Amino acid sequence: MSTKEPSVNEETSTTDNLEKDLQTTSENSETDPLADAIERVQELEAQLTEATKKEQDLLLRTRAEIDNIRRRATQDVEKAHKFALEKFAKDLLESIDNLERALAIPNNELADDVRAIINGVELTLKGLLKTVESHGIKAVGEIGETFNPELHHAIKQEQVEGTESNKIINVLQKGYTLNGRVIRPAMVMISA
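Residues numbered from 1 in each chain as written. Predicted model: local features only at pLDDT ≥ 70, side-chain atom pairs only at ≥ 80, totals over all residues. Heavy atoms only, no water.

### Topic: the sheet that holds strand β1 (residues 137-140)
Moving on, step 1. Pairing is antiparallel in the open sheet, where three strands are placed in the order β1-β4-β5. For this open sheet the edge positions go to β1 and β5 (181-184), each flanked by a neighbour on one side alone. Across the sheet, the mean angle separating the axes of adjacent strands is 35 degrees when strand polarity is ignored.
Moving on, step 2. As judged from the three bridges shared by strand β4 (residues 175-178) and β5, these two strands associate in the antiparallel manner. (Pairing = 2+ DSSP bridges. Helix = DSSP H or I, 4+ residues; strand = E, 2+ residues; numbered from the N terminus. Axes fitted to C-alpha atoms, helices over the stretch in contact; angles between N-to-C directions.)

Okay, structure coming up:
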């Protein structure tokens, strides 16, 4: 086997090619390394600024969300405290109604011993009403009030001379509110 040895011309062309490559590389790398570093630092600073803005935005949003959650939780707790008595209050209303019905009996036809019982029932009713009022329960539906569909349930409408329309002329069953929320509307008759 014979190995072909490179000729002198081939060696010279290879050397020339290497020199040209080195010269091209050195020309390309002759850019200022300081300028490259400054440019890179500016790019990194821009990225850092962008990341900082995103982080601050996220922090503000997170704080706002936490404040909203706290506010909602506080409102929920307040409502729970405020209206915890609602079911109990509704149950008490039957007893109040029964006491009021017992007192609706004409007093002039009763014996003295029965009048004493009626007086006791009146005192019991007054005490019960005072107690429920101290806990935010208020009666609604008085004769002469203007009809309000949020507070009253009209059972019947009648024409009554000398009375404005939509005025309560008779209360069949009192309504009640608990801290402003209707727990039972009043059943009323209104003028036409």
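Now that the structure has been shown, the text picks up again.
### Observations concerning the pattern of salt bridges
Moving on, step 1. Enumeration over the complete set of coordinates arrives at eight salt bridges.
Moving on, step 2. A salt bridge links Glu100 to Lys174, with the nearest nitrogen and oxygen atoms 3.4 Å apart. One end of the pair, Glu100, is in helix α3 (residues 86-103); the other, Lys174, is in the loop between β3 (168-173) and β4, with 74 residues separating them in the sequence.
Moving on, step 3. For Lys174, a relative accessible area of 26% corresponds to the partly exposed category. (Salt bridge = Lys/Arg side-chain N within 4 Å of Asp/Glu carboxyl O. Buried < 20%, exposed > 50% of the residue type's maximum accessible area, 1.4 Å probe, protein only.)

### Notes on the layout of surface pockets
Moving on, step 1. Roughly 200 Å³ of internal volume is contained in the largest pocket.
Moving on, step 2. Asp97, Glu100, Arg101, Gly141, Glu142, Ile143, Val171, Leu172, Gln173 and Lys174 are the residues that line the largest pocket.
Moving on, step 3. Where the lining of the largest pocket is concerned, the elements lending two or more residues are α3 and β3.
Moving on, step 4. Its residues assigned to classes, the lining of the largest pocket comprises three nonpolar, two polar and five charged. (1 Å grid on protein atoms, 1.4 Å probe; cavity = no way out; pocket = protein on both sides within 12 Å on 5 of 7 lines; lining within 4 Å. Points joined across faces, edges and corners; volume = space filled by probe spheres on them. Nonpolar A, V, L, I, M, F, W, Y, C, P; charged D, E, K, R; others polar.)

### Notes on the nonpolar core
Moving on, step 1. Membership of the largest hydrophobic core comes to 13 residues, with the highest contact counts inside it found for Leu93, Ile96, Leu99, Ile137, Tyr176, Leu178 and Ile183.
Moving on, step 2. Those elements that place two or more of their residues in this core are α3, α4 (112-134) and β4. (Core = buried A, V, L, I, M, F, W, Y, C linked by side-chain atoms within 4.5 Å.)

### Concerning the sheet that holds strand β2 (residues 152-158)
Moving on, step 1. Overall, mixed pairing links the three strands, which are arranged β2-β6-β3 in an open sheet. Both edges of this open sheet fall to β2 and β3, since each of them pairs with a single strand only. Within the sheet, the average angular offset between the axes of one strand and its neighbour, ignoring direction, is 25 degrees.
Moving on, step 2. Relative to strand β6 (residues 186-191), β2 is paired through six bridges, and the arrangement is parallel. Paired with Ala154 across the bridge in β6 is Val188.

Everything listed here is a matter of coordinates, which is why it stays silent on function.
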